[in-house]
Structures are given as C-alpha cells and as structure tokens.
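A structural walkthrough
Residue-level listing of the chains:
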Amino acid sequence: AGVIVYRVGKVQMRGDAALIYFLLYWLSPWRLTHAAMMWEPAFLFLPAALHLWAVSRLTPQPDLPTGSGRLWPSIVLGGVLLLTPQLHGSFLFLWLLTAILIYKKEIRLDWRGAALGAAVGSLTLIPAIYAAATGNFPAVLPQEGFIGKGFVTVWPLFKGALYWLRLASLDCGGLKEVVYFEPGWAQAFWQHASLILLRILQALTVATIAFSALTAWWYFRKRKASNEASGRTTWLERYAWYAAVALILSAGFAPVTLQGWHVTIALHAALIPLAVWAANQLRTNRRRVVWFGLYLAVGLSSVLAI
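We now turn to the structure provided with this report. (Residues numbered from 1 in each chain as written. Predicted model: local features only at pLDDT ≥ 70, side-chain atom pairs only at ≥ 80, totals over all residues. Heavy atoms only, no water.)

Focus on the packing of helix α1 (residues 2-12) against helix α2 (residues 15-26)
- For the pair α1 and α2, interaxial distance at closest approach is 8 Å and the crossing angle is 155°. The angle between α1 and α2 places the two elements in the roughly antiparallel class. Every pair of crossing elements has a handedness; the one defined by α1 and α2 is right-handed. Contact residues: Gly2, Val5, Tyr6, Gly9 and Lys10 in α1; Ala18, Leu19, Tyr21, Phe22, Tyr25 and Trp26 in α2.
- Partitioning the contact of α1 with α2 into residue classes produces eight nonpolar, two polar and one charged. (Axes fitted to C-alpha atoms, helices over the stretch in contact; angles between N-to-C directions. Helix = DSSP H or I, 4+ residues; strand = E, 2+ residues; numbered from the N terminus. Parallel < 35°, antiparallel > 145°, perpendicular 65-115°, else oblique. Left-handed = near helix turned anticlockwise from the far one by under 90°. Contact = heavy atoms within 4.5 Å. Nonpolar A, V, L, I, M, F, W, Y, C, P; charged D, E, K, R; others polar.)

Written as structure tokens, this is what we have:
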C-alpha cells in the first residue's frame, strides 16, 4: 500500500510532495495503530491504495493511457469494489467515491474490464453461495440502527467531517489505550511519570486537529481560487474534495455512528491536503515550515510511544 501511494504521488504531485505524502502516510499514527493488529481495518489499506491507483489511471487526461491502457486499471477497480465489502463495512466509502468520480466524469472506465474484475472479486463468495443453497449459511444477527440513520439524526454527518480532519492529524484516539506497560523494577514511578508524559503528548496530538483543519482550508481555498482563475483544478485536488464528500455521505448512510476504525480506509485521501501544503511551504515560505516541524516532532513522539 505504501509503495502504491508513493507511485501515485509521483505521477500526480511534484516529487517533494510525493515523498512528504508517503512519509505522512507510512508514519501516520492512524496507520500504525490500526495496521498493528489482525483485524478487519488492518486489511483495508491495500484495497484503498489500489483504488487510488486504479482511478488515477482512468482519468481523462491526455498524458495518461487511453483505450487498452484502461483495461487493467478497470479490472483492478472492479475487483477492489467486490472484494472490499467482504472485508469490512467501510467499503461504502470506496463505492460512493467511485460513483461520484463516474458521475463527475473524472474517470473513464473500460466497462468490460470492470465487469471482469467484479467477476474475479466475486469468486470468494462461492462458499457463501453454496452454504446458502444448502441451508448452512450462518444466521445474521440483527444490526443496530438503519440505513441512512446519519441523515436523520444529523450528528453523524458532522462526525464524518471531523474524522476527515482527524485522519490528517496525529489524534488517532487515546494514547493511553495503545501504549502498554510491562512489569519491572520501579514500575509505579515509571507508570506515573509515563502517564503524565502521555497525557501531555495526547493533548498535543489533539491540538494538531486545528493544524489539519487549517491546511485543509488552505487546500480547498486554493482549489476554489485556481478554478476561478483558470477554469480548472488538478485532478488530485478534485479527488481529495470528492473523497471528503464520500466520507461524509458514508457517515450519513451508515446504520451506526462512525468510529475511528470505520474511517481508516480514507486515510490516503485525507493526507493529500497536508502533503501538498507542506511541500508548498517548503518551496515558498520557510518560516511556516517551523509549524510543520513541530507537527513532525509531535508525530514522531507519538510513533515512538506507540
């Protein structure tokens, strides 16, 4: 997933931005904590990265492949869209994002390839189909809530927007829950001192949400300004915007209120504004680089704690 994200970044961004994008993605506390356990969210980083690669190769830009060059990306996209629902319910983000990109004519599919990929992705459903046909399919427990709950109660929509900002921040939840202590000498002193330091570090990670919000505001304001000036924006700028919309819509459709492990599938997209902002500041305004340096210092401290 990391290699794929970096390679897409090299095509869609400038070289320095692509490297920053990769480092932010690879060292993100969100990725480190959720990929460190054998559970469903840990397996979502690869299909999310493959989705990014596929749609980036299906853009209607003249310098990207056309015709037969769209076959393999379409196959990959079709496979990802059928395999991901078998991993986790957050597949809805990828489905909605794909629908938006098609509706806005941001990608051009080879429909034969997409159908072939979907057929391949469906092969792993054969045991379930066989079990259902023979009456051995496990009973499905009633689920909490109902489809579209977020649009009725409204609050989950705001939470979806907040998660978009949190994904680009260093606040992946309480550090106390993901940092463990081993017994040993002077354990009581070590635990108390460590907890104090962890609480300070946790407060700093929460503060980075404001930093993430400012970079997102800069990014999307830049998108609007470039659209007004030239009549067009870059494909990646539009992709990040549509991904934010897709995550908020996912929060609306979900029968449960989104939690942190429901949104890791959108990590790669949420980091795009921060990476582009950081690369821009490194090139144009070195005084603001100090803020990015502080962000990285807190981030590395979180990584070491985790």
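A short note on the nonpolar core
- By size, the foremost hydrophobic cluster in this structure holds 70 residues, and its most contacted members are Phe93, Tyr239, Ile272 and Phe292.
- Of all the elements, helix α13 (residues 235-253) adds the most residues to this core, at 10 residues.
- Every residue in contact with phenylalanine 292, bar those within four places of it in the chain, is listed here: Ile20, Leu24, Phe211, Leu274, Trp277 and Ala278. (Core = buried A, V, L, I, M, F, W, Y, C linked by side-chain atoms within 4.5 Å. Buried < 20%, exposed > 50% of the residue type's maximum accessible area, 1.4 Å probe, protein only.)

As for a nonpolar patch on the surface
- On the surface, a nonpolar cluster with roughly 450 Å² of combined accessible area is contributed by Leu19, Leu23, Trp26, Leu27 and Leu300.
- Broken down by element, the residue count for the nonpolar patch peaks at three residues, all from α2.
- The class for leucine 19 is partly exposed, based on a relative accessible area of 44%. (Patch = residues over 30% accessible without salt bridge, like charges linked within 9 Å, V, L, I, M, F, W, Y side chains within 5 Å. Areas by Shrake-Rupley, 256 points an atom, 1.4 Å probe, with all protein chains shown as cover. Salt bridge = Lys/Arg side-chain N within 4 Å of Asp/Glu carboxyl O.)

Focus on the environment of glycine 113
- Within the secondary structure layout, glycine 113 lies in helix α7 (residues 111-122).
- The exposure class assigned to glycine 113 is buried, which follows from its relative accessible area of 0%.
- Taking the C-alpha atoms as reference points, glycine 113 and glycine 79, separated by 34 residues in sequence, lie 9.6 Å from one another.
- Non-local contacts of glycine 113, meaning those with residues more than four positions away in its chain, are made with Leu71, Ser74 and Ile75.

Overview of helix α16 (residues 289-305)
- If you check α16, its first and last C-alpha atoms are 24 Å apart, about what 17 residues at 1.5 Å a residue would give, namely 24 Å.
- All of the buried residues in α16 are Phe292, Tyr295, Val298, Gly299 and Ser302. The buried side chains of α16 occupy one side of the element, clustering within an arc of 125° when seen end-on. The exposed residues of α16 that point more than 90 degrees off its buried face are Val290 and Leu304. (Expected span 1.5 Å × (residues − 1). Arc of directions from axis to C-beta.)

Some details on empty space enclosed by the protein
- Counted by the stated rule, this structure contains one cavity of 30 Å³ or more.
- If you add up the space inside the largest cavity, you get close to 40 Å³.
- Contributing to the lining of the largest cavity are Trp164, Leu165, Ala168, Ser212, Thr215, Ala216, Ala270, Pro273 and Leu274.
- Mapped by element, the contributors of at least two residues to the lining of the largest cavity are α10 (155-167), α12 (187-230) and α15 (272-284).
- Here the element with the most residues in the lining of the largest cavity is α12; it accounts for three residues. (1 Å grid on protein atoms, 1.4 Å probe; cavity = no way out; pocket = protein on both sides within 12 Å on 5 of 7 lines; lining within 4 Å. Points joined across faces, edges and corners; volume = space filled by probe spheres on them.)

So, the pattern of salt bridges
- One pass over the full model with this rule turns up three salt bridges.
- Note that glutamate 106 is salt-bridged to arginine 238, the shortest N-O span being 2.7 Å. Taken as a pair, glutamate 106 in the loop between α6 (91-103) and α7 and arginine 238 in helix α13 lie far apart in primary sequence, 132 residues in all. By the burial criterion, glutamate 106 is buried, and arginine 238 matches it.

Observations concerning α2
- The first and last C-alpha atoms of α2 sit 17 Å apart over 12 residues, in line with the 16 Å expected at 1.5 Å per residue.
- For α2, the full list of buried residues reads Ala17, Ala18, Ile20, Tyr21, Leu24 and Tyr25. Viewed end-on, α2 has its buried residues packed into an arc of 165°, placing them on one side of the element.
- Against the buried residues of α2 lie α1, α3 (29-34), α4 (45-57), α14 (267-270), α15 and α16.

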